[in-house]
Amino acid sequence: PKPGDTAMIAGVVKETFPGERRVALIPAGVTTLKKLNVDVHIESGAGEAAGFTDASFEVAGATVVASRKDVLAAADVLLQVRGLGANPAEGKADLTAIKKDQLQIGFNEPLTAREEVVALAKAGVSAFAMELVPRITRAQSMEALSSMANLAGYKAVLLAADYLPKLFPMMMTAAGTLVPAKVFILGAGVAGLQAIATARRLGAVVTAYDVRPAVKEQVESLGARFAEMELESDTAEDKGGYAKEMGEEFYRKQREFMTGILSETDVVITTAAIPGKKAPILVTEDMVKAMPPRSVVVDLAAERGGNCELTEADKVLDKHGVTIVGTTNLPSGVAYHASQAYSKNLTNLMALLVKEGELVIDMEDEIIADSLITRGGEVVNARVKEALEL
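Along each chain, residues carry numbers from 1 onward, in the same order as the chain's sequence is written. In keeping with the predicted nature of the model, local features appear solely for residues at pLDDT of at least 70, side-chain atom pairs appear and are counted solely at 80 or more, and the whole-chain, interface and lining totals rest on all residues. Just so you know, side-chain values use all the structure's heavy atoms and leave hydrogens and water out.

Q: Help me out: how do you make sense of the packing of helix 1 (residues 27-35) against helix 12 (residues 335-353) in this one?
A: Pairs of packed helices are described in terms of their axes, by the angle between the two and the distance that separates them. To obtain each axis, a line is fitted to C-alpha atoms, and for helices this fit is confined to the stretch in contact; angles are then taken between N-to-C directions over 0 to 180 degrees. Secondary structure elements are taken from DSSP: a helix is a run of H or I of four residues or more, a strand is a run of E of two residues or more, and numbering for both begins at the N terminus. The interhelical angle for the contact between helix 1 and helix 12, taken along N-to-C directions, is 5 degrees, at an axis separation of 9 Å. Considering their axes alone, helix 1 and helix 12 lie roughly parallel with respect to each other. Taken together, the residues of helix 12 that come into contact with helix 1 (itself represented by Gly29, Thr32 and Leu33) are Ser343, Thr347 and Met350. The classification used treats Ala, Val, Leu, Ile, Met, Phe, Trp, Tyr, Cys and Pro as nonpolar, Asp, Glu, Lys and Arg as charged, and all other residues, Gly among them, as polar. A per-class count over the contact of helix 1 with helix 12 returns two nonpolar, four polar and no charged. Just so you know how the angles are binned, under 35 degrees is roughly parallel, over 145 roughly antiparallel, 65 to 115 roughly perpendicular, and the rest oblique. Two residues qualify as a contact provided that any one of their heavy atoms is within 4.5 Å of a heavy atom in the partner residue.

Rendered as structure tokens:
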């Protein structure tokens, strides 16, 4: 654009999902967008819960706007933590205020939120789902699922330590030696590896298990033991690097194997999620019964039905003398750093979409083609259409 042209506007609104404390953009992100010739309008108070004041946004060059409707109506691009698909009840209200042909970027639950994805298409919005950013090297810096899972893995260990009536580290004291807690981490993806590292830093004895034998080396490099089951599988990973579903016989053997481990474990942290599917049940009620009294299960898949049969989303339950923690949205509990990481993911994606101050949606680019879900009044993403049976 020539000097004097009006710059493109990126809008940031306060998240309305209950208990959501993150903000999509932090002041440092405003500075990054300014360099792309993008102005930022932010709803007053949007960063408050995460520790970012209106004043800090103004200093970075953003325009703080009192009215949410004004931000929605002015924005060429709307940056959100939770788009409509990930905020179905509260998000509907925003649809009436948005500009036609607006570009929206956020988490959108695109493989399950059928009604919401269709509503976004009908509203004429071009919507990006952060969940669909492909796991390729070039996209790592935009891959928000990983950056959030990393923080959830850390927070899960702190929750577990809080609920467990034992200490994590071994302590040799004048009052005798206190033995370290035994922690078992199920799933050694991004969240699992961070949970291993955090539990080790607190001094626990850590064992981890994953259906992908390839992660053994990563687990051991963090100082944990890798639990190996006889019936291993080389086909447990899809081409995107995510875990995929296995057959029934496999799961039966896995349950026997795990009951043995759980009977001597103080803390279990489960991290298994399959995108767009209900979480696989890995910890059955019988396994929970086998656990020592007052041990703890922290279920990172609580939002998707849970990896533990007894988990209830957003509840902490006492079952068979075991504390089952189903707290959801753990990244929101470390909202300052979660917002920092997410803001960086978004501004990196924006750098791909904005060329010389103009929006360019290049469908030849794998990152853009994979993560764009609606455009021009239609659902345009093949994977989403298949999952939602559209």
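Q: Got a minute to help me understand helix 7 (residues 190-201) in this structure?
A: Every α-helix carries 3.6 residues per turn, so stepping three or four residues along brings you back to the same face. Compared with the 16 Å implied by 1.5 Å per residue over 12 residues, the 17 Å span of helix 7 between its first and last C-alpha is a close match. The cut-offs for exposure are 20% and 50% of the maximum accessible area for each residue type, with area from a 1.4 Å probe on protein chains only; residues under the lower value are buried, those over the upper are exposed, and the others partly exposed. Burial runs high along helix 7: nine of the 12 residues are buried. Within the sequence span of helix 7, burial applies to Ala191, Gly192, Leu193, Gln194, Ala195, Ile196, Ala197, Thr198 and Ala199. Where helix 7 is buried, its residues contact helix 6 (144-163), strand 9 (182-186), strand 10 (205-209) and helix 8 (216-221). Just downstream of helix 7 lies Gly203, where phi reads positive at about 100 degrees. Take the residue count of a helix, subtract one, and multiply by 1.5 Å to get its expected span.

Q: Just to check I follow, could you spell out the sheet that holds strand 5 (residues 103-107) for this structure?
A: In any sheet, the strands associate via hydrogen bonds between backbone groups, in a parallel or an antiparallel arrangement. At least two bridges found by DSSP between two strands is the condition for calling them paired. Within the open sheet, the eight strands sit side by side as 3-2-1-4-5-6-18-19. Their pairing is mixed. Two strands close off the open sheet at either side, each with one partner strand: strand 3 (63-65) and strand 19 (378-379). Note: strand 6 (residues 126-129) against strand 18 (residues 372-375), two bridges, orientation antiparallel. The residue bridging Ala127 from the neighbouring strand is Thr374, located in strand 18. Of the strands in this sheet, strand 1 (8-12), strand 2 (38-43), strand 4 (77-82), strand 5 and strand 6 are in contact with helix 12, which crosses strand 5 at around 145 degrees.

Q: I tried to follow the sheet that holds strand 14 (residues 316-319) on my own but got confused; where do I start?
A: In spatial order, the strands read 11-10-9-12-13-15-14; together these seven strands make up an open sheet with mixed pairing. Looking at strand neighbours, the two that pair on one side only are strand 11 (225-226) and strand 14, the edges of this open sheet. Relative to strand 15 (residues 322-325), strand 14 is paired through four bridges, and the arrangement is antiparallel. Within strand 15, the residue paired with Asp318 across the bridge is Thr323.

Q: Just to check I follow, could you spell out the packing of aromatic side chains for this structure?
A: What describes a pair of aromatic rings is the distance from one ring centre to the other and the angle between the planes of the rings. A pair of aromatic rings is counted whenever rings of Phe, Tyr or Trp (Trp by its six-membered ring) have centres within 6.5 Å, and the orientation is called stacked for planes under 30 degrees apart, edge-to-face for over 60 and tilted otherwise. By the definition in use, this model includes three aromatic pairs. Pairing Phe107 with Tyr342 gives two aromatic rings, centres 5.4 Å apart and planes at 25 degrees, and the pair type is stacked. Remark: Tyr342 occurs in helix 12 and Phe107 occurs in strand 5; sequence separation between them is 235 residues. Looking at Tyr342, the relative accessible area reads 1%, which means it is buried. When the NZ atom of lysine or the CZ atom of arginine is within 6 Å of a ring's centre and also within 35 degrees of its normal, the charge is said to sit over that ring. The side chain of Arg82 reaches across the aromatic face of Phe17, ending 3.8 Å from its centre.

Q: Could you clarify how one ought to interpret the pattern of salt bridges in this entry?
A: Pairing between side chains becomes possible if they bear opposite charge and their charged atoms approach one another. For salt bridges, the criterion is a side-chain nitrogen of Lys or Arg within 4 Å of an Asp or Glu carboxyl oxygen. Scanning the entire structure with this criterion turns up 18 salt bridges. In this structure, Arg82 and Glu303 form a salt bridge, with 3.9 Å as the shortest nitrogen-oxygen distance. With Arg82 in strand 4 and Glu303 in the loop between strand 13 (296-299) and strand 14, the pair connects residues that are 221 residues apart, well separated along the chain. Given the relative accessible area of 7%, Arg82 is considered buried. One salt-bridge network, in which partners are shared between bridges, spans Glu20, Arg22, Arg82 and Glu303.

Q: Sorry if this is basic, but what is going on with unusual backbone geometry here?
A: Negative phi characterises most residues that are not glycine, and trans characterises most peptide bonds. Notably, Glu109 is not glycine yet its phi reads approximately 45 degrees, a positive angle. Looking at where Glu109 falls in the secondary structure, it is placed in the loop between strand 5 and helix 5 (114-122). Although it is not a glycine, Asp314 adopts a positive phi angle of roughly 65 degrees. As for its position among the elements, Asp314 is in the loop between strand 13 and strand 14. Taking relative accessible area as the criterion, Asp314 reaches 55% and is therefore assigned exposed.

Function cannot be inferred from these measures alone, as they are strictly geometric.
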